[in-house]
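# Residue-level structure breakdown
What follows is each chain in one-letter form.
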Amino acid sequence: MRKSFRNMAAIGASLILGTIGCTLKATINQTTDTTSNITGTTSGAAWWSEDGQIKPDFKTTAFVSFNHENLRQDLAAGRGEYLVSMSKLLGVPEDRQPAFFSAAQASYTQMADRDSTALLALLKDTSRSFVR
């Protein structure tokens, strides 16, 4: 009786592990397929280098795309960690960040289209006068 219980337990464990493995593999494939589709089709070029790093030309695009909602909240408030990070990516010196935040907030409140592309364009345009 013990031997048959062990066999049944082993079969049950194998079935459970097999099911989890299939689900995990499917989830990983779905995630990487979605990421590939986003990064490969959004700009017509991949955002990632062959070693898995974001290419310098796409750092601001990736940041806005992945943090869009948090960045919008920071812009509405005129301050916040996402806005600080974005200003650093755009090259705004630390001593000019408060003025950049105010200018970006003013521009944001007048903005009609608030998708990622429009938001990135607004931030790049606003940052130009603050970058030395």
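Above: the structure in question.
The structure reproduced in this document is the subject of the present report. Computed from a prediction, not measured in an experiment: that's the story for all the values here.

### Comments concerning helix α2 (residues 59-66)
Of the residues making up α2, those classed as buried are Thr60, Thr61, Ala62, Phe63 and Val64. Against the buried residues of α2 lie α3 (68-77), α4 (81-90) and α6 (116-127).

### A word on the pattern of salt bridges
Throughout the structure, instances matching the rule amount to 3 salt bridges. Notably, a salt bridge pairs Glu69 with Arg72, separated by 3.3 Å at the nearest N-O pair. On the criterion of helical spacing, the pair formed by Glu69 and Arg72 is a turn pair, its members being 3 residues apart in helix α3. Given the relative accessible area of 23%, Arg72 is considered partly exposed. Salt-bridge contacts for Arg128 lead to Asp125; the nearest nitrogen and oxygen are separated by 2.4 Å.

### Structural notes on the packing of aromatic side chains
Tallied over the entire structure, the rule returns 3 aromatic pairs. Each ring, one from Phe100 and one from Phe130, has its centre 5.9 Å from the other, and the planes form 75°; the classification is edge-to-face. In this pair, Phe100 is assigned in helix α5 (residues 97-109) and Phe130 in the segment after α6, connecting sequence segments 30 residues apart. What makes Phe100 buried here is its relative accessible area of 0%. For Phe130, a relative accessible area of 12% gives the class buried. Its end group placed over the ring of Tyr108, Arg114 keeps NZ or CZ at 4.2 Å from the ring centre.

Conventions and cut-offs
Residues numbered from 1 in each chain as written. Predicted model: local features only at pLDDT ≥ 70, side-chain atom pairs only at ≥ 80, totals over all residues. Heavy atoms only, no water. Buried < 20%, exposed > 50% of the residue type's maximum accessible area, 1.4 Å probe, protein only. Helix = DSSP H or I, 4+ residues; strand = E, 2+ residues; numbered from the N terminus. Contact = heavy atoms within 4.5 Å. Salt bridge = Lys/Arg side-chain N within 4 Å of Asp/Glu carboxyl O. Phe/Tyr/Trp six-rings, centres within 6.5 Å; stacked < 30°, edge-to-face > 60°. Lys NZ or Arg CZ within 6 Å of the ring centre and 35° of its normal.

Read these as layout, nothing more, since geometry by itself doesn't imply function.
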